[in-house]
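Examination of the molecular architecture
Residues per chain, in single letters:
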Amino acid sequence: METSHVNFSTSSGCDQRVQKLQQQIAVMRKEIKNLRQHADSAVREQRKSLAALQSVVASMKEDGRLKDAKTDSLRTDCTVTNQALEKGVIQTTPIGYIESCFSSKNGTPRQPTICSLSRAILKINKSIFNNPEHSLMGLDQYSHVWIIFVFHKNGHLSYKAKVKPPRLNGVKTGVFSTRTPHRPNAIGLTLAKLEIIKGDTVYLSGIDMIQGTPVLDIKPYIPDYDSPKGRRNPLDTVESANQDQAEPMAVVNDSEKKNTMKRDVLSGNLAIPKITVGHTEEEKFLTNTNFESQITVLSDKNASCDSEVDAIYQTKNEQKMLSALAEVKSYVNQSDAFSEATVENAAIQSYCATADPCKDEPNKFNEHVVYDEASKTTIASWIRSSPVTSLEVRFTPHAERDLNAFEPLYQAELGKPNFRYLKSADEAKAAIKGVLSADPRSVYRRTRCQDQLFYFTLDTAHITCWFGEGFAEVLRIKAATTECSGSCA
């Protein structure tokens, strides 16, 4: 019996060891599978690079421009550059690197409008221009600028045709319908507010770039060109041109009407309403025996008549305009479904129908921007109706005390934490709310790490928080260090 009991315990112990080994083997198989996938992707990238190099070399051989590098190196370099540029292959050089209030990807807004209080500094490299400040001349006339940059913290250069945007909470969509950083070309575009320019340095706000981001280019934001609402309808432009061509004839007709009206007034065929001032002068003219004074009074009467005719002409147009507006008002009251643009168009059409002609001010109604079918924009429904709702942001009393201990840079005291970019604790609090209300967590963290703390760095503050059902709560705020920001990223 004792021998059988020992054998049984030995066999059970062996079974447990076998199970552990099998579990370890399964884990190792998964790791090997992941390594194979990474190796395959690296091989594909290498093959793409080799194919590109081979195509460049082949084209150089066909053109007969591949010569001895020692004797013709400069010409070869120019040829290669020109051929690459014609095929869209360019070599970029950063004009500068962002100094941002966000030191790592964690907590950095995905869009610039999420945290308008975020700030950054961009200094133009002297290796680009001998006088970098000259390149910024005139840029201070704009309030916003486009920043073209590189997603330098992607981790790897692999990309897929379908991605999972955080706002879709795991649902896949095409890479080109999103703003994911994992793209065939890791280039980003953001709209930032231009605060001030000092020499070769640009101060920005409302940014979504992290510390050290390479910037490729700066372009001014011009709403007249960049916004669809600033685009004119070509048909309205043609109509405006036709009106401009018809304007001289309208002016002639108006002047003829005024002259006719003037003759009628002088002859007494037209009664002058209310504003008449000629009867008294006419009596003086009839009773005056001095011929020279009669001529003077006659010229004064003629001038007075001109003003009266203009007043009558203007009064008639004003009356027509008021009647047209009254018709529009009554029409709007009958139909509440009218939009602002419809009311404006109705007023224009009514005025043009009553006023004869409708060309007293030919371009008055064509100077405004046209909002029509050409200016309408559409976006994906999940942008505004996202399955990821906005979160309520809370601060614990401890976090409030920690935040109030920070001071702006110009009021910094020794031994106390201070901000570098933010101006006050209230501004920092608003910035933290903006970041957390948009839920900066990835889909993986939302689903797999719900019970874990979340860390991010804003300016010189290291923030610790956690997420609950519909809210985010800030637990601790302390001065950030290089080691902390690096480990928590």
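So, how was this worked out
Position labels on residues start from 1 in each chain and follow its written sequence. Local features in a predicted model are, by the rule used here, given only for residues with pLDDT of at least 70; side-chain atom pairs are given and counted only at 80 or more, and totals for whole chains, interfaces and linings are based on all residues. Hydrogens and water molecules were not included; the side-chain quantities draw on all heavy atoms of the structure. UniProt positions are given in the numbering used here, feature names are shortened, and annotations may be inferred rather than shown by experiment. Helical segments are the DSSP runs of H or I of at least four residues, strand segments are the runs of E of at least two, and each set is numbered from the N terminus. Each residue is assigned to one of three classes by its accessible area relative to the maximum for its type, calculated with a 1.4 Å probe on protein chains only: buried under 20%, partly exposed between the two thresholds, exposed over 50%. A carboxyl oxygen of Asp or Glu within 4 Å of a side-chain nitrogen of Lys or Arg is what we treat as a salt bridge. The span one expects for a helix is its residue count, reduced by one, times 1.5 Å. Only heavy atoms matter for contacts: two residues are in contact if any of them lie within 4.5 Å across the pair. Here is the rule: rings of Phe, Tyr and Trp (six-membered ring for Trp) pair when centre to centre is within 6.5 Å. Planes less than 30 degrees apart are stacked, more than 60 are edge-to-face, and the remainder are tilted. Counted as over-ring charges are cases with an Arg CZ or a Lys NZ within 6 Å of the ring centre that also lie within 35 degrees of the ring normal. At least two bridges found by DSSP between two strands are what make those strands a pair. Axis definition: a line fit to C-alpha positions, over the contact stretch in the case of helices; interaxial angles, taken between N-to-C directions, run 0 to 180 degrees. Each nonpolar core is a collection of buried residues, namely Ala, Val, Leu, Ile, Met, Phe, Trp, Tyr and Cys, held together in the definition by side-chain atoms within 4.5 Å. Summary of the metric used: pLDDT quantifies the predictor's per-residue confidence within the range 0 to 100.

Under an unreviewed UniProt entry, the name given to the chain is TRMO methyltransferase, and the source organism is Polyodon spathula. In its Sequence similarities (unreviewed entry) section, the UniProt entry covering the chain states "Belongs to the tRNA methyltransferase O family."

Phi at Asp-439 takes a positive value of approximately 55°, unusual for a residue other than glycine. Mapped onto the fold, Asp-439 is located in the loop between α11 (425-437) and α12 (443-448). Owing to a relative accessible area of 3%, Asp-439 belongs among the buried residues under this scheme. Despite not being glycine, Asp-459 has its phi angle at roughly 60°, a positive value. Inspection of the secondary structure assignment puts Asp-459 in the loop between β10 (454-458) and β11 (461-468).

Under the definition given, this model contains nine salt bridges. For the salt bridge of Glu-427 with Arg-119, the shortest nitrogen-to-oxygen distance reads 2.4 Å. Of this pair, Glu-427 sits in helix α11 while Arg-119 is found in strand β2 (residues 119-123), placing the two residues 308 residues apart along the sequence. As far as burial versus exposure is concerned, Glu-427 and Arg-119 are alike and both buried. Note that Lys-416 and Glu-407 form a salt bridge whose closest N and O atoms lie 3.9 Å from each other. A relative accessible area of 16% means that Glu-407 is categorised as buried.

Below, the discussion takes up α11. The terminal C-alpha atoms of α11 lie 18 Å apart, and with 13 residues this matches the ideal 18 Å at 1.5 Å per residue to within 8%. Among the residues making up α11, those that are buried are Ala-425, Glu-427, Ala-428, Ala-431, Ile-432, Gly-434, Val-435, Leu-436 and Ser-437. Looking at the buried positions of α11, the neighbouring elements they touch are β2, β9 (392-395), α10 (397-404), β10, β11 and β12 (471-479). Within two residues after α11, Asp-439 carries a phi angle of roughly 55°, on the positive side.

Let's shift gears to the packing of aromatic side chains. As enumerated under the stated definition, the model contains six aromatic pairs in all. Centre to centre, the rings of Phe-406 and Phe-419 are 5.0 Å apart; their planes meet at 20°, and the pair counts as stacked. With Phe-406 in the loop between α10 and α11 and Phe-419 in the loop between α10 and α11, the pair connects residues that are 13 residues apart, well separated along the chain. The burial state of Phe-406 is the same as that of Phe-419; both residues are buried. Note on Trp-466 and Phe-471: the rings are 5.3 Å apart at their centroids and 90° apart in plane angle, and the pair reads as edge-to-face. With relative accessibility at 31%, the residue Trp-466 sits in the partly exposed group. Grouped by ring-pair contacts, the aromatic residues Phe-454, Phe-456 and Phe-467 constitute a single cluster. Directly above the ring of Tyr-203 sits Lys-198, whose terminal nitrogen or CZ lies 5.7 Å from the centroid. The ring of Phe-467 is capped by Arg-441, whose NZ or CZ atom sits 4.1 Å from the centre of that ring.

Both strand β1 (residues 96-100) and strand β8 (residues 214-220) contribute to a ladder of two bridges, which runs antiparallel. From the neighbouring strand, Gly-96 faces β8, where its bridge partner is Val-215.

Spatial strand order, β9-β12-β11-β10: four strands in an open sheet with mixed pairing. The sheet terminates laterally at β9 and β10, the two strands that pair on one side only. Taken over all neighbouring pairs, the strand axes of this sheet differ in orientation by 30° on average, direction set aside. With four bridges connecting them, β9 and β12 associate as parallel partners.

Ranked by internal contacts, the top residues of the largest apolar core, which has 48 residues, are Ile-147, Leu-204, Ile-432, Leu-436, Phe-456, Leu-458 and Ile-477. Tallying contributions element by element places α11 first for this core, with six residues.

In this section: the confidence of the model for the chain. Overall, the prediction assigns the chain a mean pLDDT of 74, with 62% of residues at 70 or greater. Note on residues 272-303: pLDDT under 50 across the span, and 21 contacts to partners over four residues away in sequence or across chains. Per-residue pLDDT stays below 50 along residues 485-489; that stretch engages in eight contacts with residues further than four places along the chain or on separate chains.

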